[in-house]
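Now for the letters of each chain:
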Amino acid sequence: LVANAASEALEKEGVPHRVQAAGNLFSVFFTGEAVGDFAAAQRQDGAAYAAFFHAALERGVYLPPSAYEVWFLSAAHDETALERVVDALPHAARAAAAVRSG
């Protein structure tokens, strides 16, 4: 749910990204290329991730502070928490897009 919502929000704003997932863990890389190693991860748009992170934080959503960290969901994330995250993602995606185009 959250990984798909993040991808949809970023896609809607035209922000190149890749979502890679395994079980309840996933990463969002701000790049249009495949990420299979650290070198590829380093080529992502760090400024776009920072804008995305801070815009989510403004909405009370605490994402991983580094673009190299994994996101994860657990039983501690109830429906209210998930809704808050999903609601913040379009705002965060717009902030990432603004950095890319600015």
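Residues numbered from 1 in each chain as written. Predicted model: local features only at pLDDT ≥ 70, side-chain atom pairs only at ≥ 80, totals over all residues. Heavy atoms only, no water.

S.K.: How do you make sense of helix H3 (residues 46–58) when you look at a structure like this?
M.R.: Think of an α-helix as turning once every 3.6 residues; residues three or four places apart then point the same way. Across its 13 residues, H3 extends 18 Å between first and last C-alpha, which sits within 8% of the 18 Å expected from 1.5 Å per residue. Considered for burial, the residues of H3 that qualify are Ala48, Tyr49, Ala51, Phe52, Phe53, Ala55 and Ala56. Looking one or two residues past H3, glycine 60 carries a phi angle of roughly 85 degrees, positive in sign. (Helix = DSSP H or I, 4+ residues; strand = E, 2+ residues; numbered from the N terminus. Expected span 1.5 Å × (residues − 1). Buried < 20%, exposed > 50% of the residue type's maximum accessible area, 1.4 Å probe, protein only.)

S.K.: What exactly am I supposed to notice about the nonpolar core here?
M.R.: Considering soluble globular proteins, one finds that nonpolar side chains tend to be buried as a cluster. If you look at the biggest cluster of nonpolar residues, it comprises 28 residues, and the most contacted ones within it are Leu10, Phe30, Phe52, Leu63, Trp71 and Leu89. When residues of this core are assigned to their parent elements, the largest contribution, eight residues, is made by helix H4 (residues 79–101). With residues near it in sequence (within four places) discarded, leucine 89 still touches Val2, Ala5, Ala6, Ala9, Phe52 and Trp71. (Core = buried A, V, L, I, M, F, W, Y, C linked by side-chain atoms within 4.5 Å. Contact = heavy atoms within 4.5 Å.)

S.K.: Even after reading the chapter, I still don't get the packing of aromatic side chains, so can you show me in this structure?
M.R.: The geometry of an aromatic ring pair is captured by two quantities: the separation of the ring centres and the angle between the planes. Here the structure, examined in full by the defined rule, presents six aromatic pairs. With 5.4 Å between their ring centres and 45 degrees between their planes, phenylalanine 38 and tyrosine 68 make a pair best called tilted. Of the two residues, phenylalanine 38 is situated in helix H2 (residues 38–42) and tyrosine 68 in the loop between H3 and strand S3 (71–72); the sequence distance between them amounts to 30 residues. Classification of phenylalanine 38 as exposed rests on a relative accessible area of 51%. On the accessibility criterion, tyrosine 68 (44% relative accessible area) is partly exposed. Aromatic rings pair up to connect Phe26, Phe30, Tyr49, Phe52 and Trp71 into one cluster. (Phe/Tyr/Trp six-rings, centres within 6.5 Å; stacked < 30°, edge-to-face > 60°.)

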